[in-house]
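Overview (structure and organization)
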Amino acid sequence: MRVPILTIFLLFSFHASAQEICNNGIDDNGNDLVDIIDGGCRCNSAVSKSLIPNHDFEDYTSCPNGSSQLYKAFPWVQGTSGNPSYINRCGYVLPDFENYPTNNFIPNDEIEYFPSGNGIAGAIMSSPYSQYIKSTLTTPIPAQTDAQLSISVAAIIYKNNAGPYEMEVEDLEPMDLTIYGSPIINDLPFLTNTNPDIPGSPWIKLGTAVYVPKPNWHVTTINFTTPIEIREVMIGAPESLPDSYYVPLMHIGSYPYFLYDEVIVNTLAESDAYITRSGSLCSDDMSLTVHLSNPTTGNVAYQWFKESIPVYVNGSSPTLDISNSIFAVKDGTYEVIIYDDTNCYKAYYTLNLITPNPTVKVKPPSCNNPGTILITSIADEYSIDNGETWSTDPFFDPVLAGTYLVVTKTDGCVSSIRNVIVPARAQNLPAPLITTNQPDSCADIGDIIVNAAAALYSFDNGETWTSTNTLEDAPAGDYLVLMEDETGCRSLAQAITLESFTNNYAPPSGDPEQYFCISENATVGDINLTGLSILWYDAPTGGNLLPTSTPVIEGQTYYASQSVNNCESITRFAVTTFISTTLNAAGYETTICANDNDENVYINLSDFNSNLTPSTTFIFQYYNSLNGAENQILDDEIFNFEDFELLIGGKTIYVRISNQGGCFKIVELLLNMVSPPLIDIKDNIALCEGKDLTINAGIGFDEYLWSTNETTPSITVNQPGNYTVTVSENHENIVCTSTKTFTVFSSNTATITEILNSDWNNDKNTIVIMLSENSIGDYEYSLDGINFQESNTFSELNGGEHIVYVRDKNNCGIIDKTIYLLMFPKYFTPNGDSFNDTWGVKFLKSVETYTTEIYDRYGRLLKTLKNSETWDGNFNGKQLPSTDYWFQISSSDGKSYRSHFSLKR
């Protein structure tokens, strides 16, 4: 790697063997470093006087803290839509640096050793998205000026996720590093994701140099001549990158990434030293000559290097014969150091033996026009037949369909081959996409629009042509549409029809007879019809057009049409007018059915207007009395006529009908409201299990319709469910109906499964009557068959016999059952006084058989009793002492009861 420039001093030394002699190609001081590679040999670069401020990215407005911040290394900014990064050790540094080799290049030449200080620039180099670095020059470069770009470049693969690398630097093909120039200064980026040299852009390509991507720093030079004055420069990708640089635009993964430092742009005339070339590498007669802008003093020596390795050829000559150099590979970057008695100078020059694969634009043949091939790569000569023939013109016209082998030649070096396919000739342009505006009026014209770009258009099968894609105000009919491009290639004819407008509009509508008061002085304009732009005539066809001010005549018929979109209806509507001192109106009587089970109904009186008069233009007022209607008494007028409450019975409404002419007539509107049929059926009716049920809707109705489709006054059912009956009553001109929906449910006689009791008391006994699950009725309970209760529990009962009654409320039956409540004394006194002398369970009258066992406190059986037998308090003929004794009663049905009592003496 080149040692950073620190100062200017004379590097010649012939005095001490321990000091490195900087121009002899020998390791004089024994540190394994030769001449310029040795830290003791340093020289200022002859082209360090760059026209780009901050050419080494050392100056910054603030430290970068992330990517896309090139603007912090002012005056560097992004050149296009892609935003490059500013990398500086004071802040943001790519973590990827640690993933690249550190021992495959000359010392301190790896990417982590920046060529100059702490700052560099980084940019994505991919297709179809690349980033470009841009700077304004301190002084414009005039037109037709020889100049040079010298730049330190390194390549890595930038990875923006945690996954593996998807490509390696070694996978990247050689590419043309390109410098662009602009004659204007613009602080804003040129908005494109590709190279800036596109139509409409101020940017032009100045020059290129082949760069072979490697992850170490390499000085590359581009010599160019400015065709125009240049004020800004931009550096980055060429017009087309090789295929290995392709990365999908929305890709998230690995990108080719280029690093830049020491960007030196200067004219050759202003450089301290610059190199020119002659001959060609490919013809092996290439030589380089260094030129000094300032005169030298004393002895002058020239030390040449290739990639920082010394070349020991004619140290006293400014010319290096490349063909005689010691290097088998001749291309690369050469540098020369010129020493005199007081100064040293340095210059660079990059030679390219590698010629990148050509980039090509193909225009396929069309119709009668052949195809073309344009080779967009800059070269000395061009060929499309693998070098059998050559041309200095990159444009080949015409070319036929087929495969072509495209190569270029620069300095005698031939590029690799690019296979270019020119597709077969198109016979016709695609059929055009056409839309129409169909005729929509009696003018019967429309528009035809061709939705495709072309040079010419025809709407009459090629008889006439126009550059306009729209045919406006075209008469209805058939058209054959063609289009033609600038080469004369035509499309097939497209058939288009503009449908003739058909007048489907009907004539106006309204009353065919219309009445006017003589005082109105009515005209045909007063005839009320529904329609647009109504025109009046005195005949059904033809005839005379009448002004709207034409007076109407008694019994005269007039004919009206309507006009829509300037198209008049074909037929006409006839209206006969009548003039009198009164109005054509008459009374009306009708019957109205009330709503189901309601005694009134709300109606809209205006609904009967058409029954009073055929005219819809009259004014209607409603009154409760004739006097109110005649004198228009406000207190008698019905204002809520749209929601008028009509009660059962008859109601006469007096309607005052008038017109604008002042004529009026009072007519009677007689409304008879009758009650709806009343159906006397309960909402819920019980059906006793195993029986039929007759349901009667009542007699006297004119029609019956049950949901069972029966039409009789009554029906018999034997299944539960929902039923409906509709009955009708005829009232002269109206039929009133009512509908009743009801439910038939099942019920039955109860089944007693068990009577739970809590007895053994004289008067505190309780029973609970339990029914079976198939008892589905609604039941009530009684102990005397007369008084019934809802609860199935009876309390405070005396011991003894009781009869329990269970009755279905739906009259489906009643059942009863006899029970016995047992009782035992809590104590007895066997003292011979005839009161409580014995102990036993009372009321043991039932179908069951009871056994009572009596025990002392130690569980010894003392006595066994059957049913109503009693115990006298003796055991084996002896009286037992006063104390508590225990007993257990067992019945033949398996029930048992245990308790105790006292014996007192």
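Scroll up to find the structure this text is about.
Presented here is an overview of the structure given in this document. Throughout this description, residue numbers start from 1 for each chain and increase along the sequence as written. It should be noted that, the model being predicted, local features are given only for residues of pLDDT at least 70 and side-chain atom pairs only at 80 or more, the latter also being counted only at that level, while totals for whole chains, interfaces and linings use all residues. Note that water and hydrogens are dropped before the side-chain values are worked out from all heavy atoms of the structure.

What to know about the pattern of salt bridges
The condition is simple: By definition here, a salt bridge exists when the distance from a side-chain nitrogen of Lys or Arg to a carboxyl oxygen of Asp or Glu is within 4 Å. Numbering of helices and strands runs from the N terminus, with a helix taken as a DSSP run of H or I at least four residues long and a strand as a DSSP run of E at least two residues long. Exposed residues in this analysis have more than 50% of their type's maximum accessible area, buried residues have under 20%, and partly exposed residues fall in between, with area computed by a 1.4 Å probe over protein chains only.
Scanning the entire structure with this criterion turns up ten salt bridges. When the shortest N-O distance is used, the salt bridge between E232 and K134 registers 3.7 Å. With E232 in strand β9 (residues 230–236) and K134 in strand β4 (residues 133–141), the pair connects residues that are 98 residues apart, well separated along the chain. The class for E232 is buried, based on a relative accessible area of 2%. A residue is classified by how much of its surface remains accessible, and K134, at 2% relative accessible area, is buried.

Things to note about the sheet that holds strand β2 (residues 85–88)
The test is simple: At least two bridges found by DSSP between two strands is the condition for calling them paired. The angle between two axes is taken between their N-to-C directions and runs from 0 to 180 degrees, where each axis is a line fitted to C-alpha atoms and a helix contributes only its stretch in contact.
The five strands are arranged β2-β3-β10-β5-β8 in an open sheet whose pairing can be described as antiparallel. Because the sheet does not close on itself, it has two edges, and the strands there are β2 and β8 (218–225). Neighbouring strand axes in the sheet, compared pairwise and without regard to direction, differ in orientation by 35° on average. Bridge analysis of β2 against strand β3 (residues 119–124) gives four bridges, and the strand direction is antiparallel. Within the sheet, the bridge partner assigned to I87 lies in β3 and is I120.

Looking at the packing of aromatic side chains
Two measures describe an aromatic ring pair: the distance that separates the ring centres and the angle between the ring planes. For clarity, the cut-off: Two aromatic rings from Phe, Tyr or Trp, using only the six-membered ring of Trp, form a pair when their centres are within 6.5 Å; if the ring planes differ by under 30 degrees the pair is stacked, by over 60 it is edge-to-face, and anything between is tilted.
Within the structure shown, the criterion is met by 19 aromatic pairs. Here the aromatic rings of F824 and F887 are separated by 4.8 Å at their centres, their planes lie at 65°, and the arrangement is edge-to-face. With F824 in the loop between β56 (814–821) and β57 (827–828) and F887 in strand β62 (residues 883–891), the pair connects residues that are 63 residues apart, well separated along the chain. Just as F824 is buried, F887 falls in that class too. Chaining the aromatic ring pairs together yields one cluster made of F824, F828, W839, W871, Y885, F887 and F901.

Side note on the pairing of strand β59 (residues 861–866)
Bridge analysis of strand β58 (residues 850–855) against β59 gives five bridges, and the strand direction is antiparallel. Across the sheet, residue E853 finds its bridge partner in β59, namely T864. Connecting β58 to the antiparallel partner β59 that follows it, the hairpin turn spans five residues, and G859 within it adopts a positive phi of roughly 85°.

Topic: the pairing of β3
Of all the six residues making up β3, six are buried; the element is thus mostly covered by neighbouring parts of the structure. Residues G119, A121 and A123 of β3 are buried on one face, and the alternating residues I120, G122 and I124, pointing to the opposite face, are buried as well. With four bridges joining them, β3 and strand β10 (residues 254–267) adopt antiparallel strand pairing. Within β10, the residue paired with I124 across the bridge is Y257.

Quick word on the environment of S658
With respect to the element layout, S658 can be found in strand β43 (residues 649–658). Placed 39 residues apart in sequence, S658 and I619 show a C-alpha to C-alpha distance of 5.1 Å.

A few points about the side chain of E484
What counts is decided by this rule: Definition of a polar contact: a pair of N or O atoms within 3.5 Å, with one able to donate and the other able to accept a hydrogen when the atoms are protein atoms, and with sequence-neighbouring residues admitted only if both atoms are side-chain atoms. Throughout, a residue-residue contact means that at least one pair of heavy atoms, one from each residue, lies within 4.5 Å.
Looking at the element boundaries, E484 is found in strand β29 (residues 477–484). A residue is classified by how much of its surface remains accessible, and E484, at 13% relative accessible area, is buried. Of the polar contacts made by the side chain of E484, one reaches the side chain of R490; its length is 2.6 Å. When sequence neighbours within four positions are dropped, the list of residues in contact with E484 reads L429, A454, A455, L456, W465, C489 and R490.

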